[in-house]
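Structural characterization, general
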Amino acid sequence: MKTYLNILKASAGLFCATATYLLSTNIPVQAAETVVLRYGILSESISVKELQQIAETGKIQGHYKKYTNRLPVEKRQVLLETLRTKYPINFVTLSQVLYTPGGSAILKDLSKVTLHSESGGMQALRAALVRGAKNREGLSIISFIDAYPGEQLEIDVEKASKAFNQLDLAYKQTQQFMDAIAPRLSTVNNSQFSSNIDPTQPGNAVVNVLKLNLKDEKRSSRLVPVDIYFPKASTAKSVVVLSHGFSSNKSDMVYIAKHLASHGYVVAAVEHTGSNRNYQINWTKKDGIISLMKPQEFLERPRDLSFVLDKLTELNKQPNHQLFGQVSTDNVTAIGHSFGGGTALAIAGGEMQIDYLKSYCRNLPASTNSSEWLQCIAQDLPEKKYQLRDNRVKQVIALNPTTSLMFGETGLEKVQIPTLMLASSADKTTPALTEQVISFNKIPSPKWLVGIVGATHGSVKEPASTAGRESQNKSEVVGEKAADIRKYIQGITLAFVSKNNSPSYQAFLTPEYAVDASTKTFPIRLVREIPADVMKLVYQVVGENK
């Protein structure tokens, strides 16, 4: 049991653009000078400067004691704690989310706890949140008030605390779980691990690249660009299909494609044109978004992968084509990152359950968990359930996948093929506890859950893909900082894809290798199952914070 719990240390916590437009809007820059604090039926006017002093010292001076003395002792402590709490939310991430459907819920919740006489409405609240989050110590009620454009603001402290706490809830749940489980953990012993091969090293094959701009006439001429990475071989090789995340493209996992191709695989990096980089936040537009992804995209993405497999089968039969006799599509591995991880699980058999989406998204929590509002787009699909299983896909790798809502309560139980899932403890885009740990527990065996402590959402992506946008988010571990993480990803993906044909690779799908591959900065763990008592704690943490 200790071994399982130790492995879970990571597997449980396993756990784009800037805000230029927002911060340069024509909202008055004069911040509030006084604030009326409301706590229950009591209220008191106080200057922002004095409020900052109370938050810094934890002491209430002068006539304000009369106000706080009217509160029960426990509520006085809550008031002080609320004023002093810092929420380490990245201002770029927050500014992006506030221009999404999920952002509307955040602003709506916040509008209920603030009363003000100045005009500005939602735009003023949005500006105060982002400017407040730019504070060196993080967003707080004080920094929000200090950044609010206007002379006076009235705020319900008790409601404001709940609203602010909700913003980063899913990520905090992961950290809360880690704190709870840590005392029960011990170190996994990796002294028994040894191998005469290194799966992180490139293979001997020369990698060729074929760029195709395909068009699916059966789906209203949908464009499906794809880059094929392949070695010249005398026999047909198994295929791996790659699915990128939302607002990304087919170049996101180039290093994985080249690595697998150098070991003899044919890798198809597919671009989903209904959710690629054309679908991103643009601060030059009034509404902040170029165009909103359509619900149908949840269906088109898996169909893109199946369409590419159809085309590869055709090209394999054309004598004059360079892929003639090179491709075998009867034993495919699907690999996806983020939204692409959800896509990979869908084509692997995961059932999308729209009724569950509708019931949850009807009261979408106001949080910065963008994976939830993204999934809620699918609630407008007409059918209750969707099954997009492609039987040619025999195994699946889901890296930081989006899963918590789109598959409902039981949809992932229908994934009946070997599954490797990866989670990162510092992932705020697809938080590990809700998006991976709980979902992993629903998938039947055989399965593997890998956790990288300290990794973030973009850590597994090609450096060139993160240089333009995610690198602006200083909390993201990307580029050169994530080199060790990408090295491990190369090894574990090769081991997983090759495990049936080359039994020697199975040694790398073990807890011992995960620990052996760890670094001081990024401990890595692997688990095959999560013990029932640990899952009980998971649901307890999530339930207490709802």
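Residues numbered from 1 in each chain as written. Predicted model: local features only at pLDDT ≥ 70, side-chain atom pairs only at ≥ 80, totals over all residues. Heavy atoms only, no water.

1. Quick notes on the nonpolar core
Formed by 69 residues in total, the largest nonpolar core has its most connected members in I228, F298 and M352. The element best represented in this core is helix α13 (residues 297-316), accounting for eight residues. In contact with I228, other than residues within four places in its own chain, are N208, V209, L210, L212, V266, V267, A268, L312 and L323. V450, I452, A482 and I489 belong to the second largest nonpolar core, which has 42 residues in total. (Core = buried A, V, L, I, M, F, W, Y, C linked by side-chain atoms within 4.5 Å. Buried < 20%, exposed > 50% of the residue type's maximum accessible area, 1.4 Å probe, protein only. Helix = DSSP H or I, 4+ residues; strand = E, 2+ residues; numbered from the N terminus. Contact = heavy atoms within 4.5 Å.)

2. So, a positive patch on the surface
The grouping of K358, R362, K384, K385 and K414 at the surface amounts to a positive patch. In this structure, R362 sits in the loop between α15 (354-361) and α16 (370-376). (Patch = residues over 30% accessible without salt bridge, like charges linked within 9 Å, V, L, I, M, F, W, Y side chains within 5 Å. Areas by Shrake-Rupley, 256 points an atom, 1.4 Å probe, with all protein chains shown as cover. Salt bridge = Lys/Arg side-chain N within 4 Å of Asp/Glu carboxyl O. Lys, Arg positive; Asp, Glu negative; His and termini not counted. Charge placed at Lys NZ, Arg CZ, Asp CG, Glu CD.)

3. Some remarks on unusual backbone geometry
Residues other than glycine predominantly adopt negative phi, and peptide bonds predominantly adopt the trans conformation. Residue P446 follows S445 across a cis peptide bond; omega there is 5°. Considering the arrangement of structural elements, one finds P446 in the loop between α17 (432-442) and β14 (447-452). Although it is not a glycine, S220 sits at a positive phi angle of roughly 55°. Locating S220 in the fold gives a position in the loop between β5 (207-216) and β6 (222-231). Take S220: its relative accessible area is 73%, and that puts it in the exposed class.

4. Focus: the packing of aromatic side chains
Applying the stated rule across the entire model yields eight aromatic pairs. Between the aromatic rings of W448 and F496, the centroid separation amounts to 5.5 Å while the plane-to-plane angle is 85°, which identifies the pairing as edge-to-face. Taken together, the positions of W448 in strand β14 and F496 in helix α19 (residues 483-498) put the pair 48 residues apart, joining distant regions of the chain. Classification of W448 as buried rests on a relative accessible area of 7%. Residue F496 is classed as buried on the basis of its relative accessible area, which comes to 0%. Centre to centre, the rings of Y488 and Y513 are 6.0 Å apart; their planes meet at 25°, and the pair counts as stacked. Residue Y488 is found in helix α19, and its partner Y513 is found in helix α20 (residues 511-516); the two are separated by 25 residues along the sequence. Judged by its relative accessible area of 2%, Y488 falls in the buried class. (Phe/Tyr/Trp six-rings, centres within 6.5 Å; stacked < 30°, edge-to-face > 60°.)

5. Focus: the pattern of salt bridges
Inspection of every chain in the model, using the stated rule, returns 15 salt bridges. For K461, the salt bridge goes to D252, with nearest N and O atoms at 3.4 Å. With K461 in the loop between β14 and α18 (463-467) and D252 in the loop between β7 (237-243) and α12 (254-262), the pair connects residues that are 209 residues apart, well separated along the chain. Among the ionic pairs, E529 bridges to K447, the shortest N-O distance being 3.8 Å. Of this pair, E529 sits in the loop between β15 (524-527) and α21 (532-544) while K447 sits in strand β14, and the two are 82 residues apart along the sequence. Residue classification places K447 among the buried residues on the basis of a relative accessible area of 2%. Shared partners join several salt bridges into a network, and the residues in it are D216, R219, R222, E297, E300, R301, R303 and D304.

6. With respect to the pairing of β7
Summarising burial for β7: six of the seven residues are buried, a large majority. Pairing of β7 with strand β9 (residues 327-337), which is carried by six bridges, proceeds in the parallel orientation. Bridging from a neighbouring strand, K237 pairs with V327 of β9. Sheet topology places β7 next to strand β8 (residues 266-270); five bridges connect them, and they run parallel. Residue S243 lies in a different strand from β8, and its bridge partner there is V270. Handedness of the crossover is the feature at issue here: the chain leaves β7, passes through α12, returns alongside β8, and the resulting connection is right-handed. (Pairing = 2+ DSSP bridges. Right-handed = clockwise from strand over helix to strand, strands pointing away.)

7. Topic: the packing of helix α3 (residues 48-57) against helix α5 (residues 73-84)
Pairs of packed helices are described in terms of their axes, by the angle between the two and the distance that separates them. The interhelical angle for the contact between α3 and α5, taken along N-to-C directions, is 100°, at an axis separation of 8 Å. By the angle class used here, α3 and α5 are roughly perpendicular. Contacts between α3 and α5 pair L51, I54, A55 and E56 from the former with L80, L83 and R84 from the latter. Residues of the contact of α3 with α5, tallied by class, amount to five nonpolar, no polar and two charged. (Axes fitted to C-alpha atoms, helices over the stretch in contact; angles between N-to-C directions. Parallel < 35°, antiparallel > 145°, perpendicular 65-115°, else oblique. Nonpolar A, V, L, I, M, F, W, Y, C, P; charged D, E, K, R; others polar.)

8. Looking at the side chain of D427
In this structure, D427 sits in the loop between β13 (419-424) and α17. One buried charge, D427, has no salt-bridge partner; the nearest side chain with opposite charge is K428, at 9.8 Å. Separated by 2.8 Å, the side chain of D427 and the backbone nitrogen of T429 make a polar contact. Of the polar contacts made by the side chain of D427, one reaches the side chain of H457; its length is 2.9 Å. (Polar contact = N/O pair within 3.5 Å; in protein donor to acceptor, adjacent residues only side chain to side chain.)

9. Structural notes on α15
Owing to its 3.6 residues per turn, the α-helix aligns residues three or four sequence positions apart on the same side. Those residues of α15 not exposed but buried are I354, L357 and C361. On an axial view of α15, the arc spanned by its buried residues comes to 55°, and they lie on one face. Where α15 is buried, its residues contact β10 (352-353), α16 and β11 (385-386). (Arc of directions from axis to C-beta.)

10. A closer look at the packing of α12 against α19
Across the interface, α12 lies against α19 with an axial gap of 10 Å and an inter-helix angle of 45°. When the interaxial angle is binned, α12 and α19 end up oblique. As for the relative orientation of α12 and α19, their crossing is right-handed in sense. The segment α12 lies against α19, with Y255, I256, H259 and L260 engaging R486, I489, Q490, T493 and L494. For the contact of α12 with α19, the residue count by class is five nonpolar, three polar and one charged. (Left-handed = near helix turned anticlockwise from the far one by under 90°.)

11. Let's talk about the state of the cysteines
Throughout the structure, instances matching the rule amount to one disulfide. For C361, the disulfide goes to C376, at an S-S distance of 1.9 Å. Where C361 bonds to C376 through sulfur, the torsion about that S-S bond is close to -85°, and the disulfide is left-handed. With C361 in helix α15 and C376 in helix α16, the pair connects residues that are 15 residues apart, well separated along the chain. (Disulfide = S-S within 2.5 Å.)

12. Points about the confidence of the model for the protein chain
Should the pLDDT be low somewhere, the predicted coordinates at that spot are not to be read in detail. Looking at the protein chain as a whole, its pLDDT mean stands at 81, while 77% of the residues score no less than 70. Long-range and interchain partners of residues 1-29, a stretch whose pLDDT sits below 50, account for 105 contacts in this model, where long-range means more than four residues apart. In the model, residues 282-290 has pLDDT below 50 throughout and makes 23 contacts with residues more than four positions away in sequence or in other chains. (pLDDT = per-residue confidence, 0-100.)

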